[in-house]
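If you want the building blocks of each chain, they are given just below.
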Amino acid sequence: MAECPKCKEHLKMTDWKQHCPHCGANVVIYDIQERLMKDADIAEVQYYHFQKKIDRLKASFVGSRLAVIRIFTSLIPILAIVVPFFKCEFKAPFAEFNGFLSLFSLLDIIENLNVDNILGLLNTADGKIPLILFGVPIVLLVLSIVLLLVRFGCLTMACSKKGKAICYGFDITLVLLTVIATVMFFVIPDNPYFSIGFVLAPFVYLILLGVNFYVDILIFKKGIEVKHAPCFVGGIPIEEYFKMLEDGIPQEEIRAEMYKRLAKLQEEKEAELNEKEGAKA
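Residues numbered from 1 in each chain as written. Predicted model: local features only at pLDDT ≥ 70, side-chain atom pairs only at ≥ 80, totals over all residues. Heavy atoms only, no water.

> Teacher, can you tell me more about the nonpolar core here?
Proteins that are soluble and globular tend to have nonpolar side chains buried together. Formed by 33 residues in total, the largest nonpolar core has its most connected members in Phe86, Phe94, Phe134 and Phe185. Elements with a minimum of two residues in this core: helix H2 (65-82), strand E1 (86-90), helix H4 (115-122), helix H5 (128-154), helix H6 (163-186) and helix H7 (201-222). For this core, the element with the most residues is H5, which contributes 10 residues. Residues Met37, Tyr48, Ile238 and Met244 belong to the second largest nonpolar core, which totals 11 residues. (Core = buried A, V, L, I, M, F, W, Y, C linked by side-chain atoms within 4.5 Å. Buried < 20%, exposed > 50% of the residue type's maximum accessible area, 1.4 Å probe, protein only. Helix = DSSP H or I, 4+ residues; strand = E, 2+ residues; numbered from the N terminus.)

Okay, structure coming up:
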């Protein structure tokens, strides 16, 4: 419920008139200057906190040369995993295939799979282990691509308090997933259903992830200076304003200081305008 700005009495829905039924004050214009100033104070403090987030976000991407490099090292690994990844040959019950396989061409093979035949293959002694050792690393590699994209989005928090832990967490997870997937491909036993011959792509992918991890280490070692745009509350620098509140300075004194500084800023602007007009004349 609303209340009268003068007597602080609650106003009912039926108290729609301009004057308070308790004290007679004009509810609309009573102490309007101070109320507007309070609203302005709240808005400027909220803007300050929002601006800090924007400044950290900008620093995360373009705060240094290494931060700019990280944009590219974060996305380039995707190219290594979508190109032909390894040479392989598939036989029944898979769709017949012989050539270089990428994750895209793998999707075509999966679409043509006969689920009943694959389930039957899992029940055979010579098909279960090879199929698992092939399927699990594929899932891990697809998951790593998803994590790469999520990690890129999380770079917006790279300059926050938890930014280091977030980036390192993603980097370590990506490297582990790729190492596990690569090792599992290598230990697939010979079987009559498919065979895999490795090409360079898995190792390039792993190297690029390592480079990305190294760039992160360099960035957090050197640090990124977050440059905050200056913010004011009633003409007072916001850091000074927070210090005044912390020191318990009465609101009346703070408001008087605000009016003094705002008046000074207005005088400076008028003097600057007069100087420009005089120069034009």
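Next comes the rest of the description.
> Would you explain the confidence of the model for the protein chain in this entry?
A low pLDDT score tells you not to read the predicted coordinates there in detail. On average, residues of the protein chain carry a pLDDT of 84, and 94% of them reach 70 or more. Within the protein chain, H6 carries the highest mean pLDDT (92), whereas helix H3 (residues 103-111) carries the lowest (67). (pLDDT = per-residue confidence, 0-100.)

> Would you mind showing me how to read helix H8 (residues 238-246) here?
Given 3.6 residues to a turn, an α-helix orients residues that are three or four positions apart in the same direction. All of the buried residues in H8 are Ile238, Tyr241 and Met244. Buried residues of H8, viewed axially, fall in a sector of 115°; they line one side. Structural note: H8 exposes Glu239 and Glu246 on the side pointing more than 90 degrees away from its buried face. Two residues or fewer past H8, Gly248 is found with a positive phi of approximately 75°. (Arc of directions from axis to C-beta.)

> Help me understand the environment of Leu121, please; the structure alone is not making it clear to me.
If you trace the backbone, Leu121 turns up in helix H4. Here the alpha-carbon distance between Leu121 and Leu265, two residues 144 residues apart in the chain, equals 81 Å. If we ignore the near neighbours within four places in the chain, the residues touching Leu121 are Pro93, Phe94, Gly127, Lys128, Leu131 and Tyr193. (Contact = heavy atoms within 4.5 Å.)

> Mind showing me how you'd approach the sheet that holds strand E2 (residues 97-101) here?
What links the strands of a sheet is backbone hydrogen bonding, and the strands pair in either a parallel or an antiparallel sense. The antiparallel open sheet is built from three strands, whose spatial order is E2-E1-E3. Both outer strands of the open sheet, E2 and strand E3 (194-198), are each paired with one neighbouring strand and no more. Adjacent strand axes in the sheet meet at a mean angle of 15° when their direction is disregarded. Two elements, E1 and E3, share five bridges in a ladder whose sense is antiparallel. Residue Cys88 lies in a different strand from E3, and its bridge partner there is Ile196. (Pairing = 2+ DSSP bridges. Axes fitted to C-alpha atoms, helices over the stretch in contact; angles between N-to-C directions.)

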